[in-house]
Structures are given as structure tokens and as C-alpha cells.
Amino acid sequence: MGKGFGERKYPVVHPAPGTWFTVKNFAFKDYFAIVGFTLLPTPFAYSIGFPYRMQTMYTSAALGGLAGYIFAYQNSCKRLMGYTENKRYVEKYGEWDGPLGC
């Protein structure tokens, strides 16, 4: 069984946001995280990737980009579900008025 995020400390915008709603609400820092996760490991991978330097670098960039996307997606979900600061989204969409659980 997975571990939850704990108690909601902020208003809920959507208790279970879908993929497109979550991606549409990425903040600037989420895009920055994707770029950072993609670019930071590539020089290291190039330096240790002998004799396949370029392949190692491209693989690390792809895996870093995927990790950055997952990190950004998780942060966006937490904002929409009320686990982290979401004042801007509450002003934009309003608070959720339906049931929060199953």
C-alpha cells in the first residue's frame, strides 16, 4: 500500500486531477525542473561514457527528462490537490465543492 501525502493544508482545487489538467497547470519552476533534470547529468554521462560517450549522454538526457517530467507532474498534482501552496490556482479555478474521497 502506498503512503499518502498527509493532511491537506490548503484548499482543494481538484481531488484527483487528470493528466491534461495537471500538465496544463505546470508552473515555471516545473518546466525549470524538467530542463534541469535533463541537462545536469549529460556532461557527467559524457565524461564517464567511454567508449560510447554520445550514446551514454543521450540516454542520461532522456532518463533525466523523464525524471524531471515525473517530478514536475507530482508537484503540480500536489498543488491542485491542496497539499502545497496553491493560492494562484484557487483564484483561477475556485475551490472544489464536491466530495473529496471515494
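Quick caveat: nothing in here was measured; it's all calculated off a predicted structure. (Residues numbered from 1 in each chain as written. Predicted model: local features only at pLDDT ≥ 70, side-chain atom pairs only at ≥ 80, totals over all residues. Heavy atoms only, no water.)

Participant: Sorry, what's going on with the pattern of salt bridges here?
Facilitator: Two side chains bearing opposite charge may form a pair once their charged atoms approach each other closely. Summed over all chains, the structure comprises one salt bridge. Of the charged contacts, one joins R79 and D30 as a salt bridge, the two residues approaching to 2.4 Å between their closest N and O atoms. Of this pair, R79 sits in helix 4 (residues 53–81) while D30 sits in helix 2 (residues 28–39), and the two are 49 residues apart along the sequence. Here R79 matches D30 in class, with each residue buried. (Salt bridge = Lys/Arg side-chain N within 4 Å of Asp/Glu carboxyl O. Helix = DSSP H or I, 4+ residues; strand = E, 2+ residues; numbered from the N terminus. Buried < 20%, exposed > 50% of the residue type's maximum accessible area, 1.4 Å probe, protein only.)

Participant: How should I be thinking about a nonpolar patch on the surface in this particular structure?
Facilitator: A cluster of nonpolar residues, Y46, M54 and Y58, forms a patch on the protein surface that exposes about 320 Å² of accessible area. Topologically, Y58 is positioned in helix 4. Among the residues examined, Y58 registers a relative accessible area of 54% and is labelled exposed. (Patch = residues over 30% accessible without salt bridge, like charges linked within 9 Å, V, L, I, M, F, W, Y side chains within 5 Å. Areas by Shrake-Rupley, 256 points an atom, 1.4 Å probe, with all protein chains shown as cover.)

Participant: Just to check I follow, could you spell out helix 4 for this structure?
Facilitator: Helical geometry: 3.6 residues make up each α-helical turn, so side chains three or four residues apart lie on a common side. In a regular helix each residue adds 1.5 Å, so 29 residues correspond to 42 Å; helix 4 covers 42 Å between its end C-alpha atoms and thus fits that length. Residue G82 follows helix 4 closely and has a positive phi angle near 90°. (Expected span 1.5 Å × (residues − 1).)

Participant: Sorry if this is basic, but what is going on with the nonpolar core here?
Facilitator: Across soluble globular proteins, nonpolar side chains have a tendency to be buried as a group. Formed by V13, A27, L80, Y89 and V90, the largest nonpolar core amounts to five residues. Beyond its immediate sequence surroundings of up to four residues, Y89 is in contact with V13, N25, F26, A27, R79, L80 and G94. (Core = buried A, V, L, I, M, F, W, Y, C linked by side-chain atoms within 4.5 Å. Contact = heavy atoms within 4.5 Å.)

Participant: Mind showing me how you'd approach the packing of aromatic side chains here?
Facilitator: Each pair of aromatic rings is reported with the distance of its centres and the angle of its planes. Counted under the stated rule, the structure contains six aromatic pairs. With a centroid separation of 5.6 Å and an interplanar angle of 70°, the aromatic rings of F26 and Y31 are classed as edge-to-face. Assessed through its relative accessible area of 8%, F26 is described here as buried. Given the relative accessible area of 43%, Y31 is considered partly exposed. For the ring pair F26 and Y69, a centre distance of 6.1 Å and an interplane angle of 55° mean the geometry is tilted. Of this pair, F26 sits in the loop between helix 1 (19–24) and helix 2 while Y69 sits in helix 4; the two residues are 43 residues apart in sequence, bridging distant segments of the chain. By the ring-pair criterion, three or more aromatic residues cluster together here, those being F26, Y31, Y69 and Y73. Here R53 stacks its cationic end above the ring of Y46, 5.3 Å away from the centre of that ring. (Phe/Tyr/Trp six-rings, centres within 6.5 Å; stacked < 30°, edge-to-face > 60°. Lys NZ or Arg CZ within 6 Å of the ring centre and 35° of its normal.)

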